[in-house]
Amino acid sequence: MKGFKLSGVLLALAAPVAAAVFSIVISSLAVLATNKSPIEAYTTMWEFGTTSGSLMQMFNVATPYYIAAIAIAITFRAGLFNIGVEGQLRLGAIFGAYLGAMFVLPPVVHIIAIMVIAMTIGGLWAAIAGYLKVKRGVSEVISTIMLNSLAGGLSSYLLANHFMDRTTASNNMTTKEIPASGQFPDLMPILNTLGIADQPGGGVYGMLLFAVVLGVIFWFVVNRTRFGFELRATGANPIAARVSGVNSKRMTFIALALSGAVAGLAGLPEVLGDSHSFNMGFRTGVGFTAIAVALLGRNSAVGMAISALLFGFLEVSSRSLELIDIAPETYVIMQGSILLSSVIAYEVLRRYKITLQSKELAKAVSA
Amino acid sequence: MKSKLFKTLQYTTLLIFVLSIIRIFTGASDLTSVGTASAALLLSVPIALAGLGGLFSERAGVVNIGLEGMMIMGAWAGGMIGAQHGPWIGLMAAIIFGSVGALIHAIATITFGVDHVVSGVAINIIAAGLVRYVSTILYKSGTWLGPSQSPDVASIGTNGLPVLSGGTYFGWKSPDLLSVLAEKRWFFISDVAAVLRGLTGDLSYVTMIAVALVPLSVFILWKTAFGLRLRSAGEAPIAAESLGVNVYAMKYAGVLISGGLAGLGGGFLAIVAANHYQENQVAGRGYIGLAALLFGNYRPGGVLMGAGLFGYADALQLRDSASIRALILLIVLILLFLVTQDLRKGKVLKAALTLAIASLSLWYFLAVDQLPGQLVTMTPYLTTLLVLAVASQRLRMPAADGIPYRRGGMK
Amino acid sequence: MSVAVELRHISKRFPGVIANKDVSMSVETGTVHALVGENGAGKSTVMKILYGMQRPDSGEILVNGTAVHFKNPNDAIDASIGMVHQHFMLADNFTVLENIILGSEPTKGMTIDFAAARAKVVAMAAQYGLEIDPDVLVEELGVGARQRVEILKVLYRGARILIFDEPTAVLVPQEVDDLFSALEGLRAQGMAIIFISHKLDEVLRVADDVTVVRQGSTVAQVKSKDVTARQLAELMVGSELPQPSTQGITRREQVALSLNDVSIPTSTGSRDLLSHISFNLHAGEVVGIAGVEGNGQAELVEAILGLRDYTGSISFNGVVIDNLSVAHRHDLGIGFIPEDRQRQGLMMNSPLWENRILGHQRSKPVMRGFILDKKATITDTARIMKEFDVRAPGPQTLATALSGGNQQKFIVGREMSKAPALLVASHPTRGVDVGAQGAIWEELRSAREKGMAVVLISADLEELIGMSDRLLVMLRGVVTAELDPAKTTPEQLGSAMTGAA
């Protein structure tokens, strides 16, 4: 029994380690192909990436990834796939920024109000996919992809025609700035008291803390509540779930809408913590990278946190590659190869575990 | 089969008739112009190629959402190689690169049993990243002028039908009767002529090849032993295995063909539709190809129709956004038709609701002079969603599509 | 007569599954040779080895006197061996012809020569009396016709040695007769037929020789005319068979379940799936629903559980439950043993303790309010495993790792743990070994004594007659007869089911 537990730990580590090794090999080949030294690349990245300024940026990059990944994980757990997070977070952000700048409320209340707006919009947008899935049998994979493109068009239309702040004579199309009461405070003052000095271009989104809380809530709801169980049951075996009394259509709809609501929040770290408005420079691609984060993190709260930080680290530290004349886009290769090798490694592991359990069982039965 | 073709022709003619009426009323002359028809065909081809790609893959039982990534690989390779070695070599390269993307998808899904959608999404993320990485390097090494655009590719020749569409044969420039007719601006007759001229004149040779691939696909999948075995892998892999069909090989073949076709579609975008590769050139056409596949109910002819529909929507929004406004009138007409259908079936509430939407659309049509550009670009995606919402429930997907398969039925 | 196939000392092990140990049998041409054994005895493994789907660890296979080594079914097919599978291996969306020629297509140039294939199939069908239209889609065919397609598939490949894996499991009596006369024809043409079954009366009816396997080994090879069903049964089990039976009348005054004119119309508007069903079921009573599969039993179950809309009214312990959800009905005390445990009753890739929660999401000990009590669930799962003899390492074991019998015992234990007032048991012992079968019957008996009402659906007529207090026969969605099991033989019940009586 003891031996089994030990091998269990080794097994759990086997997949990520195999994936990491594979990805290092691939990225090294990519670097070697340009006649550069991979070792030099990695040391440069490590040295630059572990400075406190870089680490702060890593958290800032990782925070929206994590929130968006949780949104995706909600649907994965229900056996669905919300590829539309990108669109949902974009619409959540633009409506949150635009409407949030229209009123002034007491500090905390104002932020909550903006969050509620963003969640509502993101949730409604994803609910379209939910409705189409439940009522019209349209695959949510295709519909959310289409909704992404629609959200892109809609947000630039709204920004250019209705939401643009016409009081400032700026070239950059932007919404009005959210008043101070609606801005999420930075963590820098707290870090200062801990003895960490200000960094150039620094600051850590206050929403990092919110993301942590969200992660805990996600873990608890999915793993420890009736709703979470019914969500997972729908994903594990929709027919059995229905027989057991879960209204699977309603669960499908709720999962997609809830996922969209959480996704609506994923644009807010930037809006509430940095730009305090929605403008043309709004970060794109978060919703797609978050798919990789969720897959790599196996839809678990802790796993996704680790993979969000990993992706953030790679993204930030690879900026230093410019210094030694290597394309910083190398990080995309790293992220891609990690993603692919990890999904394969986890599948191989799953099959191996079943074989192992069958053997255990044979022993138990014959004993 | 013949009667189906006939029915399609009937409906198409009816559609052109309605469009001609709308053209007369709104003056949106681009609804049925030669240019629109020709652009629609040009824009349909990559979608149709992606859709055909999806067809081979899903008929073999592998869901291929990675078509987008494979198209990106194809477009990029087409631009990169085509700029150096000419367009035909570029198209070859596009096919090969698309297949390489497909090979990764095949290894992940068939050999390792990874969830098909997950693998496909991973391919898309990786393809986009990979081409960006290498493009950056090419740009830095001075080969490319920018990190997001390849040098220009030489163009591929065009031709048309003899007599009717002004083709050139052995140095003889044939007359162009359809164009003459189209320019008369006669009601309906000129509209039909213009559409036909657009579809049969000044065609790139690649377009001809691509269109020929549709009947070729029917032939391969439904008339040959290979096709029967490939489809059996998507319908009943365990039964196929029990009869000695190598299911893994069939699935690999389906996915690789799929990647080749998607790659060709990408190459077409870079080499024929444009004259260079550009970042975001594919812009979701792989996904729309998949939608065309669903719309076409997993049949080559259906794929072509679906691609045509999306291509037409795309062409209109590119050429003349005023025409998109006229399309609203078409939607109103269709909705009104549905209202009469509902009333005949006695579904009063549904009819009332549809009528309300129709009136709202009509009001919008009358209220705005021109749709804002950003909304117009949404047309193809909106069309896709609407079409799927109507068509999805009638789909017959291959019975074992998307289900990971392992020899001997193991888990 | 010559020996067509001989198996000598075949052994096969794999992890977690009962292995074959020293299996030997010899099948002569022009005979029907039955291979019998209870579920899980290793019959299927023997046949998979003979058909090249598995390779033996040791032992020899001889076909027409020559040793063969099959790497895959192709090799077996080349050696003129064909298999008619229990679960039909057919592509629903293919035509009959496409299904038959798949993998051995006649070609003309690049294309399949459909005309030649069709001619051959039509001729073969006529020769063996297996009537079929080659150009319809398989999805439009009934069970008997599908089986004919399977047989034609095998004959098309020139098989002379035919394996039939539990061929009668899905057939109605009339179709069984048709099948047996087809087997007669094949035998007369000099084919060797291996007939796998555990229905002993059928075996004695059709077979010339019988080989019995028990726990992976052959225990006897006998002439069917020399043995009785009883003797065969004891050879199969090695001991006395458990009997499905109940004792005395435990029926109470209270009506547990009452159906009042329950109907389910079809969406297409043809005849109803379920038509005007009315009956009362008392506490402590078992009502058996007999019927050929697809005659409305599944729909009846779905109506009682609330999984399907119906007209009419159902009440449970005096309360009308028509407007209650599936979950509500569970909460009131309706338990359910589903027909297809893997599809309807388990999350195969989840551990047993999570499966313990399924269907009990609103009740103790697994839930406290909205919160899942993992510790209590694991403890209770261990209790079920102990009380119901579920053989698995522990509550963390994935459901997929368990054998069918253990999965079923687990489901029974799970449903019993809330002490339901009504149990809907759909084929509760299908595909489980004799040990589990006996245990499940025992469990139903004792719960009945404590006042549980049971709706029992089964294709096993002896189980129905033995366990029920009352039998309702369903045909095309209608209850056509009510029978007293004490005065009914399986033969009488069988003919009532087909409407012959």
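What counts, and where the lines are drawn
- The residue numbering used here restarts from 1 in each chain and proceeds along that chain's sequence as written.
- Chain A is the first chain written and ligand 1 is the first ligand written, with later ones labelled in order.
- At least 70 in pLDDT is required for a residue's local features to be given in this predicted model, at least 80 for side-chain atom pairs to be given and counted, and no such filter applies to totals for whole chains, interfaces and linings, which use all residues.
- Each helix is a run of H or I in the DSSP string that is no shorter than four residues. Each strand is a run of E no shorter than two, and both are numbered from the N terminus.
- C-beta atoms are first placed from the backbone for all residues, and any pair lying within 7 Å is then listed as a contact.
- To sort residues by burial, count the other C-beta atoms lying within 10 Å of each one's C-beta; a count of 20 or more means buried, 12 or fewer means exposed, and anything in between means partly exposed. C-beta atoms are built from the backbone.
- Classification convention: Asp, Glu, Lys, Arg as charged; Ala, Val, Leu, Ile, Met, Phe, Trp, Tyr, Cys, Pro as nonpolar; all other residues, Gly among them, as polar.
- Any set of buried Ala, Val, Leu, Ile, Met, Phe, Trp, Tyr and Cys residues joined through C-beta atoms within 7 Å is what this text calls a nonpolar core.
- All axes are obtained by fitting lines to C-alpha atoms, using only the stretch in contact for helices, and the reported angles, taken between N-to-C directions, cover 0 to 180 degrees.
- Each angle gets one of four labels, with under 35 degrees taken as roughly parallel, over 145 as roughly antiparallel, 65 to 115 as roughly perpendicular, and the rest as oblique.
- Left-handed describes a crossing whose near helix is turned anticlockwise from the far helix through less than a right angle; right-handed describes the clockwise counterpart.
- One requirement defines pairing of two strands: DSSP has to find at least two bridges between them.
- What a helix is expected to span follows from its residue count: subtract one and scale by 1.5 Å.
- Each residue carries a pLDDT score, the predictor's own confidence in it, on a scale running from 0 to 100.
- Arc definition: directions from the helix axis to the C-beta atoms.

Engineer: Explain the overall build of chain C to me, please; I cannot follow it from the model alone.
Structural biologist: Each helix and strand counted, chain C has 17 helices and 24 strands in total. For chain C, the spread of C-alpha atoms along the three principal axes comes to 65 × 50 × 50 Å. A sequence separation of at least 24 residues applies to 69% of the contacts in chain C between residues at least 6 apart.

Engineer: I would appreciate a short explanation of the overall build of chain A in the present structure.
Structural biologist: When helices and strands are counted, chain A shows 15 helices and zero strands. Principal axes of the C-alpha set define a box for chain A whose edges measure 80 × 55 × 40 Å. Looking at chain A as a whole, 54% of its 367 residues are labelled buried. Taking the intrachain contacts of chain A between residues at least 6 apart in sequence as the baseline, contacts between residues at least 24 apart amount to 77%.

Engineer: Is there a simple way to explain the interface of chain A and chain B in this structure?
Structural biologist: Accessible area lost on assembly of the parts is the figure often given for the size of an interface. Of the residues lining the interface, 38 residues belong to chain A; the matching set on chain B comes to 38 residues. Mapped onto the side of chain A that touches chain B, the elements with two or more residues apiece are α5 (107-136), α6 (140-163), α13 (286-296) and α15 (330-366) of chain A. The residue makeup of the side of chain A that touches chain B, split by class, is 25 nonpolar, ten polar and three charged.

Engineer: Any chance you could explain the nonpolar core here in plain terms?
Structural biologist: Residue and element names in this part refer to chain A. Ranked by size, the top nonpolar core spans 397 residues in total, and within it Y65, A68 and A69 carry the most contacts. In terms of residue count, helix α3 (residues 52-77) provides more of this core than any other element does, 17 residues in total. A68 has contacts with V85, L89, A263, A266, V286, G287 and A290, leaving out every residue within four places of it along the chain.

Engineer: Would you explain the packing of helix α12 (residues 285-295) of chain B against helix α13 (residues 300-319) of chain B in this entry?
Structural biologist: Pairs of packed helices are described in terms of their axes, by the angle between the two and the distance that separates them. Residue and element names in this part refer to chain B. Where α12 meets α13, the closest approach of the two axes is 7 Å, and the angle between their N-to-C directions is 130°. When the interaxial angle is binned, α12 and α13 end up oblique. Here the hand of the crossing between α12 and α13 comes out right-handed. Along its contact with α12, which presents I288, A291, A292, L293 and F295, the element α13 presents G302, V303, G306, A307 and F310. Taken together, the residues of the contact of α12 with α13 break down into eight nonpolar, two polar and no charged.

Engineer: How should I be thinking about the sheet that holds strand β3 (residues 32-36) of chain C in this particular structure?
Structural biologist: Within a sheet, each strand pairs with its neighbour through backbone hydrogen bonds, oriented either parallel or antiparallel. Residue and element names in this part refer to chain C. Across the sheet, which stays open at both edges, the six strands sit in the order β6-β9-β10-β3-β11-β12 with mixed pairing between neighbours. Across the chains shown, the open sheet's two edge strands, defined by having one partner strand only, are β6 (81-84) and β12 (217-223). Within this sheet the neighbouring strands show an average axis-to-axis angle of 20°, counted without direction. Across the sheet, helix α6 (residues 173-188) is in contact with β3, β9 (161-165) and β10 (192-197); its angle to β10 comes to roughly 150°. Where helix α8 (residues 229-237) meets the sheet, it contacts β3, β11 (209-214) and β12, and its direction lies at approximately 30° from that of β11.

Engineer: Explain the interface of chain A and chain C here, please?
Structural biologist: The interface of chain A with chain C comprises 25 residues on the first partner and 32 residues on the second. Residue assignment for the side of chain A that touches chain C shows that the elements contributing at least two residues are α9 (226-236), α10 (238-243) and α15 of chain A. Tallying contributions element by element places α15 of chain A first for the side of chain A that touches chain C, with ten residues. Class assignment of the residues belonging to the side of chain A that touches chain C gives a composition of eleven nonpolar, eight polar and six charged.

Engineer: Even after reading the chapter, I still don't get the sheet that holds strand β15 (residues 286-290) of chain C, so can you show me in this structure?
Structural biologist: All names here are of chain C. Spatial strand order, β18-β21-β22-β15-β23-β24: six strands in an open sheet with mixed pairing. The open sheet has two free edges, formed respectively by β18 (334-337) and β24 (478-483), since each of these has just one partner strand. The sheet shows a mean angle of 20° between the axes of neighbouring strands, taken without regard to direction. Across five bridges, strand β23 (residues 470-475) lies against β24 in antiparallel orientation. Within β24, the position partnered with M474 by the bridge is V479.

Engineer: I tried to follow the pairing of β15 of chain C on my own but got confused; where do I start?
Structural biologist: Where a strand is regular, its side chains alternate between the two sheet faces. All names here are of chain C. Across the five residues that make up β15, a large majority, five, are buried. Side chains V286, G288 and A290 project from β15 onto one buried face, and the interleaved V287 and I289 project onto a second face that is buried too. One ladder, built from four bridges, connects β15 with strand β22 (residues 453-457); its direction is parallel. Each bridged residue has a counterpart across the sheet, and for I289 the counterpart in β22 is I457. In this sheet, β23 lies alongside β15 in parallel orientation, the contact comprising four bridges. Considered in β23, the bridge of I289 is made with L472.

Engineer: Which parts of the structure should I look at to understand the packing of α3 of chain A against helix α14 (residues 301-317) of chain A?
Structural biologist: Residue and element names in this part refer to chain A. One way to put it is that α3 packs onto α14 with a least axis distance of 7 Å and a crossing angle of 135°. Overall, the two elements α3 and α14 adopt an arrangement that is oblique. In the packing of α3 onto α14, the handedness of the crossing is right-handed. Only M304, A305, A308, L309, F311, G312, F313, E315, V316 and S317 of α14 make contact with α3, whose side of the interface consists of S54, Q57, M58, F59, V61, A62, Y65, Y66, A69, I70 and A73. The residue makeup of the contact of α3 with α14, split by class, is 16 nonpolar, four polar and one charged.

Engineer: What should I look at first to understand unusual backbone geometry in this one?
Structural biologist: Trans is the common state for peptide bonds, and a negative phi is the common state for residues other than glycine. Geometrically, the link from K364 of chain C to P365 of chain C is a cis peptide bond, its omega value of 5° lying close to zero. At N297 of chain B, a residue that is not glycine, the phi angle is positive and equals roughly 50°. Mapped onto the elements of the fold, N297 of chain B is located in the loop between α12 and α13. For N297 of chain B, a count of 16 C-beta atoms within 10 Å gives the class partly exposed. Positive phi is not limited to glycine here, since H427 of chain C has a value of about 50°. In this structure, H427 of chain C sits in the loop between β21 (422-426) and α15 (434-449). Exposure remark for H427 of chain C: the 21 C-beta atoms within 10 Å place this residue in the buried category.

Engineer: Would you mind showing me how to read the environment of F56 of chain B here?
Structural biologist: Residue and element names in this part refer to chain B. By the element assignment, F56 lies in helix α2 (residues 34-59). Taking C-alpha positions, F56 is 8.2 Å from L230, a pair spaced 174 residues apart along the chain. For F56, the residues in contact, after removing those within four places along its chain, are G254, I257, S258 and L261.

Engineer: Honestly, helix α17 (residues 379-391) of chain B in this entry has me stumped. Any pointers?
Structural biologist: Note: α-helices contain 3.6 residues per turn, so residues at a spacing of three or four share the same orientation. The end-to-end C-alpha distance of α17 of chain B, which contains 13 residues, comes to 18 Å, matching closely the 18 Å that a straight helix rising 1.5 Å per residue would cover. Every buried residue belonging to α17 of chain B is among T379, P380, Y381, T383, T384, L385 and L388 of chain B, and all of these are buried.

Engineer: For this particular structure, what's the right way to read the confidence of the model for chain C?
Structural biologist: Low-pLDDT stretches of the model should not have their predicted coordinates read in fine detail. Residue and element names in this part refer to chain C. When pLDDT is averaged across chain C, the result is 87; 96% of the residues are at 70 or more. Averaged pLDDT values over the elements of chain C bottom out at 80 in α8 and peak at 94 in helix α3 (residues 96-101). Scored as a complex, the prediction yields pTM 0.87 and ipTM 0.84.

Engineer: I'm lost on helix α4 (residues 114-128) of chain C in this one. Help?
Structural biologist: All names here are of chain C. An ideal rise of 1.5 Å per residue puts 21 Å on 15 residues; α4 measures up with 21 Å between its terminal C-alpha atoms. Restricting attention to buried positions, one finds in α4 the residues A117, V121 and A125. Taken around the axis of α4, the buried residues stretch over an arc of 65°, which confines them to a single face. Turned more than 90 degrees off the buried face of α4, the exposed positions are A115, A123, A126 and Q127. Where α4 is buried, its residues meet α3 and α5 (143-156).

Engineer: What am I meant to see in the environment of L230 of chain B here?
Structural biologist: Residues and elements named next belong to chain B. Its location among the elements puts L230 in helix α9 (residues 225-235). For the pair L230 and A60, spaced 170 residues apart in the sequence, the C-alpha separation amounts to 5.2 Å. Excluding its chain neighbours within four sequence positions, the residues that come into contact with L230 are R59, A60, L221, M250, A253 and G254.

Engineer: Looking at this structure, how should I read the environment of R319 of chain A?
Structural biologist: With respect to the helices and strands, R319 of chain A occurs in the loop between α14 and α15. Remark: the alpha-carbon pair of R319 of chain A and G123 of chain A, spanning 196 residues in sequence, is separated by 35 Å.

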